[in-house]
Amino acid sequence: MTARVFIDGAHGTTGLEIRERLGERRDIALIVLDEAERRDPAARERALKGADFAILCLPDDAAREAVALTGDAPVRFIDASTAHRTDPAWVYGFPEFAAGQRAAIASARYVSNPGCYSTGFLALVAPLVAAGVLDAATPFTVNAVSGYSGGGKAMIAEFEGGGEDTAFRAYAMGLQHKHVPEMQERAGLSRAPLFAPAVVRTYRGMVVEVPLVDSPPVTVLHEALDSFYRDAALVSVVHGDQADIVRIEENAGSDRMTLRVFGNDDRRQARLVATLDNLGKGASGAAVQSLNIMAGLEETAGLRL
Ligand SMILES: NC(=O)C1=CN([C@@H]2O[C@H](COP(=O)(O)OP(=O)(O)OC[C@H]3O[C@@H](n4cnc5c(N)ncnc54)[C@H](OP(=O)(O)O)[C@@H]3O)[C@@H](O)[C@H]2O)C=CC1
Ligand SMILES: CC(=O)N[C@@H](CCC(=O)OP(=O)(O)O)C(=O)O
């Protein structure tokens, strides 16, 4: 069977990346609105109602509107926005995240794509908390850098159009970033993590780091993550070596994510580090992975391995 897929927001940064991953596939029939119709609610409603799957690559309000436009039509959703990430009616689209998550995605009508930074944080922390290796009451901090495509068309224009010439820009200084609620809730933490993101002058890629004080030994952390992700197609756990240097480019252009544990057992300190692409496992790659699972297709079909 060919799945009919409508990408609402197909001309944006995330939407274009999903089109690239789906465009050549014979098991997918893409529904595309032309330039004149793509923001027209009536045309979007027709496209949504004619689809088996709708992938929403829109600002939060437009994503909520798309769900409302669909009414009772039996379309199944994957939402790349922040709108539904802590909504209990939506399944979190992170198949590697917990036992049973892949099966929940497979049968879901509503799937919410995780935030890009949240993907790195949760991949590192959630299994360790669930296994009791780390305490849910730990006051976690998260330091992260993203390529500027993470801010969509507006930020790309800022960095490429001369409006911003910095190499490194720290932001979210008010500690109210939109990913903090999903980080806390999805990891089951009793305290909100302190999240310190920055954007750098490279198009795509991310490094997400969680430093630990009073840490368990490095081997305990590494072995817990290694065994948790043993069968994951897109997540690799690599033994961090003191000589290693972690670069933002590591997984840029791919849908993979790499996790490492570094540390100094004498000091009981560790650094949990994830590298991923904000447009890969952080957005478009994750959406296509969920689509594959929901449609009963090969989980990594069309992905950049
Ligand atoms: N960029 C990234 O790395 C990530 C993005 N996301 C999320 O994905 C979503 C899309 O982000 P991104 O692709 O970066 O954003 P962009 O701004 O690049 O693209 C958004 C697209 O949505 C279109 N759009 C806006 N409002 C409407 C509307 N009412 N009806 C139809 N189309 C509309 C825009 O049209 P127009 O072209 O006319 O402006 C644009 O093409 C956001 O919710 C974002 O938070 C999630 C993870 C990572
Ligand atoms: C560099 C940059 O600005 N990044 C965006 C996050 C990327 C994104 O769009 O986040 P979602 O995954 O929640 O959609 C931000 O911090 O708001």
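Residues numbered from 1 in each chain as written. Chains lettered and ligands numbered in written order. Predicted model: local features only at pLDDT ≥ 70, side-chain atom pairs only at ≥ 80, totals over all residues.

Attention shifts here to the overall build of the protein. Within the protein one finds nine helices and 13 strands. The globule rule puts the C-alpha radius of gyration for 305 residues at 19 Å, and the 19 Å found for the protein is close to it. In the protein, the proportion of contacts linking residues at least 24 apart, taken out of those at least 6 apart, comes to 70%. (Helix = DSSP H or I, 4+ residues; strand = E, 2+ residues; numbered from the N terminus. Rg over C-alpha atoms; globule rule 2.2 N^0.38 Å. Contact = placed C-beta atoms within 7 Å.)

With that settled, consider the site of ligand 2. Taken together, S81, T82, G115, C116, S146, G150, G151, M155, K178, H179, P197 and V199 make up the full set of residues near ligand 2. Across the shell around ligand 2, the residue classes break down as four nonpolar, seven polar and one charged. (Near = placed C-beta within 6 Å. Nonpolar A, V, L, I, M, F, W, Y, C, P; charged D, E, K, R; others polar.)

By nearness alone, 26 residues border ligand 1, and G12, T14, S81, G152 and A283 come closest of all. Mapped onto the shell around ligand 1, the elements with two or more residues apiece are α1 (13-22), α3 (60-70), α6 (152-160) and α9 (280-294). Looking at which domains feed residues into the shell around ligand 1, each of domain 1 (3-114 + 282-294) and domain 2 (116-278) supplies at least three. (Domains from an automatic or database assignment.)

The next point concerns the environment of T275. Take T275: it is sitting in strand β13 (residues 269-276). With 14 residues separating them along the chain, T275 and V261 place their C-alpha atoms 12 Å apart. Leave out the neighbours within four places in its chain, and T275 touches M206, V207, V246, E250, N251, M257 and T258.

Let us look at the UniProt feature "active site" (unreviewed entry) in the protein. The positions UniProt marks with the feature "active site" (unreviewed entry) are C116. Looking at where C116 falls in the secondary structure, it is placed in helix α5 (residues 116-130). When residues no more than four places from it in sequence are discounted, the contact partners of C116 are S146, G150, M206, N278, G282 and A283. (UniProt positions renumbered as here; feature names shortened; annotations may be inferred.)

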